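For reference, the chains in residue letters:
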Amino acid sequence: MSAPHLNDRSTPIRLLATRRSGKARDLIAPGPSADEQRQILEAATRVPDHGKLAPWRYVVIDDRDRLADTLQRLYRAQKPDSGRIELEALATAARQAPLLIAALSVPRPDSHIPVWEQQLSMGASIMALMLAAHALGYAGNWLTGPATTLADLPAEFGYPDARLAGFIHIGTASKPLDERPRPALADIVSRFGAV
Ligand SMILES: Cc1cc2nc3c(=O)[nH]c(=O)nc-3n(C[C@H](O)[C@H](O)[C@H](O)COP(=O)(O)O)c2cc1C
């Protein structure tokens, strides 16, 4: 996994400087072992979390056929005229990559910590999970797609009050990872200094 077309894992800062996602459809076996999965999920807990609320949940999808059936059933219920191609795309996505994890945002609205901050922690948690996967030499892909429109999906995972933050596909990249343009720092960073 140290080929130059993959993420550069030679040092932590090089990994951060070069990390990019794979495409779920290009992620093949081997995927993370049970111990690596534990490391990846533990990384997802080492994130800023105001109030120590742990407003994130992860569901490892072992049964892909069951997920495909579930997505199709919910999608059909929501859109009775859905076509074969849409439904097949949902099933295909459910079966991609050796490891698939659903990330669910479970903010506590009763907390004095704003929901917005709890949602930010969810994003940080997913990014830590992705970085851990990349640090272990795998590639990841954070996707939502049409599944985010399925309001009843979190309940199927056991979290009726949650919101799907994404499906995280993880596996071995079968193709060179694409680079994509990144914003120039001048466009996104400014200084608040002496006038
Ligand atoms: C919340 C969220 C949802 C996303 N959903 C999709 C998606 O459904 N389809 C897609 O092509 N990219 C989606 N992306 C974008 C990819 O995860 C990713 O940003 C892109 O492939 C390039 O990633 P990289 O900058 O890590 O290389 C999503 C990103 C985020 C943060």
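Keep in mind it's a predicted model, so treat the numbers as computed, not measured.

Asks: Any chance you could explain the site of the ligand here in plain terms?
Replies: Taken together, Arg19, Arg20, Ser21, Asn141, Trp142, Leu143, Thr144, Gly145, Ala165, Arg180 and Arg182 make up the full set of residues adjacent to the ligand. Between the ligand and Ser21 there is a distance of 2.5 Å, counted from an oxygen atom to a side-chain nitrogen or oxygen. Thr144 is positioned such that a nitrogen or oxygen atom in its side chain is 3.1 Å from a nitrogen atom of the ligand. In the complex, the protein chains occlude 57% of the 630 Å² of accessible area that the ligand would expose alone. Take the shell around the ligand: its biggest share by element is three residues, from strand 4 (residues 139–143). Class assignment of the residues belonging to the shell around the ligand gives a composition of three nonpolar, four polar and four charged.

Asks: What am I meant to see in the side chain of Gln118 here?
Replies: Looking at the element boundaries, Gln118 is found in helix 5 (residues 115–135). Of the residues examined, Gln118 reaches a relative accessible area of 2% and is grouped as buried. Beyond its immediate chain neighbours, meaning those up to four positions away, Gln118 contacts Leu53, Pro55, Val106, Pro107, Arg108, Ser111 and Ile113.

Asks: Just checking my understanding: could you explain the nonpolar core for this structure?
Replies: One broad rule of soluble globular proteins: the nonpolar side chains tend to lie buried together. Leu67, Leu71, Leu153, Phe157, Leu164 and Phe167 are the most contacted members of the largest nonpolar core, which totals 22 residues. Breaking this core down by element, the ones donating at least two residues are helix 3 (64–78), helix 4 (84–95), strand 3 (99–105) and strand 5 (163–173). No other element matches the five residues that helix 3 contributes to this core. Counting 19 residues, the second largest nonpolar core, distinct from the first, contains Val47, Trp56, Ala132 and Ala165.

Asks: Whenever I open this one, the packing of helix 2 (residues 34–43) against helix 5 confuses me. Can you help?
Replies: A pair of packed helices is captured by two measures, namely the crossing angle of their axes and the spacing between those axes. Packing of helix 2 against helix 5 leaves a shortest axis separation of 7 Å and a crossing angle of 145°. Of the two possible hands of crossing, helix 2 and helix 5 adopt the one that is right-handed. Across the interface between the two elements, Ile40, Leu41 and Ala43 from helix 2 touch Ala128, Leu129, Ala132 and Ala133 from helix 5. Its residues placed into classes, the contact of helix 2 with helix 5 shows seven nonpolar, no polar and no charged.

Asks: Is there a simple way to think about helix 3 in this case?
Replies: Since the α-helix turns once every 3.6 residues, residues separated by three or four places project in the same direction. A rise of 1.5 Å per residue sets the reference length of helix 3, with its 15 residues, at 21 Å; its end C-alpha atoms lie 21 Å apart and thus fit the reference within 8%. Turning to helix 3, its buried residues are Arg64, Leu67, Ala68, Thr70, Leu71, Gln72, Leu74 and Tyr75. Turning to helix 3, the residues buried within the fold contact helix 4, strand 3, helix 6 (153–156) and strand 5. If you check the start of helix 3, you find a side-chain oxygen 3.2 Å away from the backbone N of Asp65, and it comes from Asp63.

Asks: Any chance you could explain the packing of helix 3 against helix 4 here in plain terms?
Replies: Here helix 3 crosses helix 4 at 150°, and the two axes come no closer than 8 Å. As summarised for this structure, helix 3 and helix 4 are arranged roughly antiparallel, according to the angle between their axes. Two packed elements cross with a definite hand, and for helix 3 against helix 4 that hand is right-handed. Here Arg64, Asp65, Leu67, Ala68, Leu71, Gln72, Tyr75 and Arg76 of helix 3 come into contact with helix 4, specifically with Glu86, Leu87, Glu88, Leu90, Ala91, Ala94 and Arg95. Here the residues of the contact of helix 3 with helix 4 sort into eight nonpolar, one polar and six charged.

Asks: When you look at a nonpolar patch on the surface in this model, what are you seeing that I'm missing?
Replies: On the surface, Leu185, Ile188 and Val189 cluster together into a nonpolar patch covering about 320 Å² of accessible area. Along the chain, the position of Val189 falls in the segment after helix 7 (185–188).

Rules used throughout
Residues numbered from 1 in each chain as written. Predicted model: local features only at pLDDT ≥ 70, side-chain atom pairs only at ≥ 80, totals over all residues. Heavy atoms only, no water. Near = heavy atom within 4 Å. Polar contact = N/O pair within 3.5 Å; in protein donor to acceptor, adjacent residues only side chain to side chain. Areas by Shrake-Rupley, 256 points an atom, 1.4 Å probe, with all protein chains shown as cover. Helix = DSSP H or I, 4+ residues; strand = E, 2+ residues; numbered from the N terminus. Nonpolar A, V, L, I, M, F, W, Y, C, P; charged D, E, K, R; others polar. Buried < 20%, exposed > 50% of the residue type's maximum accessible area, 1.4 Å probe, protein only. Contact = heavy atoms within 4.5 Å. Core = buried A, V, L, I, M, F, W, Y, C linked by side-chain atoms within 4.5 Å. Axes fitted to C-alpha atoms, helices over the stretch in contact; angles between N-to-C directions. Left-handed = near helix turned anticlockwise from the far one by under 90°. Expected span 1.5 Å × (residues − 1). Parallel < 35°, antiparallel > 145°, perpendicular 65-115°, else oblique. Patch = residues over 30% accessible without salt bridge, like charges linked within 9 Å, V, L, I, M, F, W, Y side chains within 5 Å. Salt bridge = Lys/Arg side-chain N within 4 Å of Asp/Glu carboxyl O.

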